[in-house]
Amino acid sequence: MQKLIVALCLSGAAAYVAPVAPSAGSKLAASKDEVVALAEANPDFLGKAIGFWDPLGALDTNFWGLGNEGTIGYLRHAEIKHGRVAMA
């Protein structure tokens, strides 16, 4: 019994968790029109002055064959994740 406990303590926990397949769609996915409307509806001064600004054309790219909505969802997810890491 002690050998089993030691083996479990020394091994990685990820080895005992089944992998989860990533979902094809994202809850955060939106169309380009929705993102433009969101940017233009921003009530603060910067939102009114700039509106929609995409100098790199990120919304027109296709990351890893996800399509336009999947790319927007991926970028939103990455922005939220990195923002949370920066605040930690």
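As a reminder, the structure under discussion sits directly above these lines.
Residues numbered from 1 in each chain as written. Predicted model: local features only at pLDDT ≥ 70, side-chain atom pairs only at ≥ 80, totals over all residues. Heavy atoms only, no water.

**Looking at helix 4 (residues 67–87)**
Okay, step 1: Over its 21 residues, helix 4 extends 30 Å from the first C-alpha to the last, a length consistent with the 30 Å expected when each residue adds 1.5 Å.
Okay, step 2: Looking only at helix 4, the buried set comprises Gly70, Thr71, Ile72, Gly73 and Ala78.
Okay, step 3: If you follow the buried residues of helix 4, they end up packed against helix 2 (32–40). (Helix = DSSP H or I, 4+ residues; strand = E, 2+ residues; numbered from the N terminus. Expected span 1.5 Å × (residues − 1). Buried < 20%, exposed > 50% of the residue type's maximum accessible area, 1.4 Å probe, protein only. Contact = heavy atoms within 4.5 Å.)

**Remarks on the packing of helix 2 against helix 4**
Okay, step 1: Put simply, helix 2 and helix 4 touch, their axes get as near as 9 Å, and they point 45° apart. By the criterion of interaxial angle, the relationship of helix 2 to helix 4 is oblique. Here helix 2 contributes Lys32, Val35 and Leu38 to the contact with helix 4, which in turn contributes Asn68, Ile72 and Arg76. (Axes fitted to C-alpha atoms, helices over the stretch in contact; angles between N-to-C directions. Parallel < 35°, antiparallel > 145°, perpendicular 65-115°, else oblique.)

**Some details on the side chain of Thr71**
Okay, step 1: By secondary structure assignment, the location of Thr71 is in helix 4.
Okay, step 2: Thr71 gets classed as buried once you look at its relative accessible area, which sits at 0%.
Okay, step 3: Once you skip the residues sitting within four places of it in the chain, Thr71 turns out to touch Ala58, Thr61, Asn62, Phe63 and Leu66.

**Concerning the packing of aromatic side chains**
Okay, step 1: This model, assessed by the stated rule, comprises three aromatic pairs.
Okay, step 2: With a centroid separation of 5.5 Å and 75° between ring planes, the pair formed by Phe63 and Trp64 is classed as edge-to-face.
Okay, step 3: Measuring from ring centre to ring centre gives 5.0 Å for Trp64 and Tyr74, while their planes differ by 70°; the resulting arrangement is edge-to-face. Taken together, the residues span a long stretch of sequence, with Trp64 in the loop between helix 3 (45–50) and helix 4 and Tyr74 in helix 4 at a distance of ten residues.
Okay, step 4: For Trp64, a relative accessible area of 66% gives the class exposed.
Okay, step 5: Judged by relative accessible area, which is 35%, Tyr74 ranks as partly exposed.
Okay, step 6: Taken together, the aromatic side chains of Phe63, Trp64 and Tyr74 make up a single cluster linked through ring pairs. (Phe/Tyr/Trp six-rings, centres within 6.5 Å; stacked < 30°, edge-to-face > 60°.)

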